[in-house]
Amino acid sequence: AVYTGAFLTLSAEDREWIEDLFGEFFDTVKLNHVTLNFKPTQEELDETPLGKEIDLHVIGKVEARDFLSPEGGITEGVQALVVELPGGIACANAVPHVTVSVKGSTKPVSSNWALEAGWDRIAPFTLRARVGCFANIGGSARVVFQHPI
């Protein structure tokens, strides 16, 4: 899989604040990026400002349990933060977000479905991130922050 994202640079204080916001995390903590574009074209990748440091303005949250996914399965649980991105940073998702944690066999993509059903506004706060590209090709996974020369 290849995707572009805004990869979080969380402080211990940031993580503690987020954990307090939800009370406790589900089994599998993700809390590492905002997916900007899943499987981008070469043109979309070329237009992505890799390496750019940005502020993510967190404006909302969702915590959903035991809901039906579009594929017909039951999603056990997902937690996510809703973010506003700075100008010039495009996101293919209807609601830009950070998947915080998932429960059981729930996949992080479930955040999209939970957010479509609605989310709660919260007192805004800011997280720092760096734009990059994640690639998992042939079992070798890594994030790059610059375009190849």
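Definitions and cut-offs
- Residues numbered from 1 in each chain as written.
- Predicted model: local features only at pLDDT ≥ 70, side-chain atom pairs only at ≥ 80, totals over all residues.
- Heavy atoms only, no water.
- Helix = DSSP H or I, 4+ residues; strand = E, 2+ residues; numbered from the N terminus.
- Rg over C-alpha atoms; globule rule 2.2 N^0.38 Å.
- Buried < 20%, exposed > 50% of the residue type's maximum accessible area, 1.4 Å probe, protein only.
- Areas by Shrake-Rupley, 256 points an atom, 1.4 Å probe, with all protein chains shown as cover.
- Lys, Arg positive; Asp, Glu negative; His and termini not counted.
- Charge placed at Lys NZ, Arg CZ, Asp CG, Glu CD.
- Pairing = 2+ DSSP bridges.
- Contact = heavy atoms within 4.5 Å.
- Phe/Tyr/Trp six-rings, centres within 6.5 Å; stacked < 30°, edge-to-face > 60°.
- Lys NZ or Arg CZ within 6 Å of the ring centre and 35° of its normal.

Helix and strand counts for the chain stand at 3 helices and 8 strands. Reading the chain from its N end, one meets helices and strands in the order β-α-β-β-α-β-β-β-α-β-β. By the compact-globule yardstick of 15 Å for 149 residues, the chain fits well, its C-alpha radius of gyration being 15 Å. For the chain, the C-alpha atoms occupy an extent of roughly 45 × 35 × 25 Å along the three principal directions. Looking at the chain residue by residue over its 149 residues, the buried ones come to 43%. Approximately 8200 Å² of the chain is accessible, and the part contributed by carbon and sulfur atoms is 49%. Of the side-chain charges in the chain, 12 are positive and 20 negative, and the distance between the mean point of each set is 4 Å.

Most of strand S1 (residues 2-8) sits inside the fold, with 6 of its 7 residues counted as buried. Direction of pairing for S1 relative to strand S7 (residues 120-137): antiparallel, over a ladder of 7 bridges. Residue pairing for S7: leucine 8 is matched across the bridge by alanine 129. Note: S1 against strand S3 (residues 33-38), 5 bridges, orientation antiparallel. Bridge pairing links tyrosine 3 to phenylalanine 38 in S3.

Our focus in this paragraph is the environment of asparagine 136. Looking at the element boundaries, asparagine 136 is found in strand S7. Given the relative accessible area of 35%, asparagine 136 is considered partly exposed. For the pair formed by asparagine 136 and tyrosine 3, sequence separation is 133 residues and the distance between their alpha carbons is 9.3 Å. When neighbours within four sequence positions are excluded, asparagine 136 is seen to be in contact with Ala1 and Ala141.

With that settled, the discussion passes to the packing of aromatic side chains. By the definition in use, this model includes 4 aromatic pairs. When the centroid spacing of 6.2 Å and the interplanar angle of 20° are considered together, the rings of tyrosine 3 and phenylalanine 7 count as stacked. Since its relative accessible area comes to 10%, phenylalanine 7 is described here as buried. Where phenylalanine 7 meets phenylalanine 145, the ring centres are 6.2 Å apart and the plane angle is 90°; that geometry is what we call edge-to-face. In this pair, phenylalanine 7 sits in strand S1 while phenylalanine 145 sits in the segment after strand S8 (140-144), placing the two residues 138 residues apart along the sequence. Here the aromatic cluster, defined as three or more aromatic residues joined through ring pairs, consists of Tyr3, Phe7, Phe134 and Phe145. The cationic tip of lysine 61 hangs over the ring face of phenylalanine 22; the distance from NZ or CZ to the ring centre is 5.2 Å. Across from the ring centre of phenylalanine 145, 4.2 Å away, lies the NZ or CZ of arginine 130, which sits over that ring.

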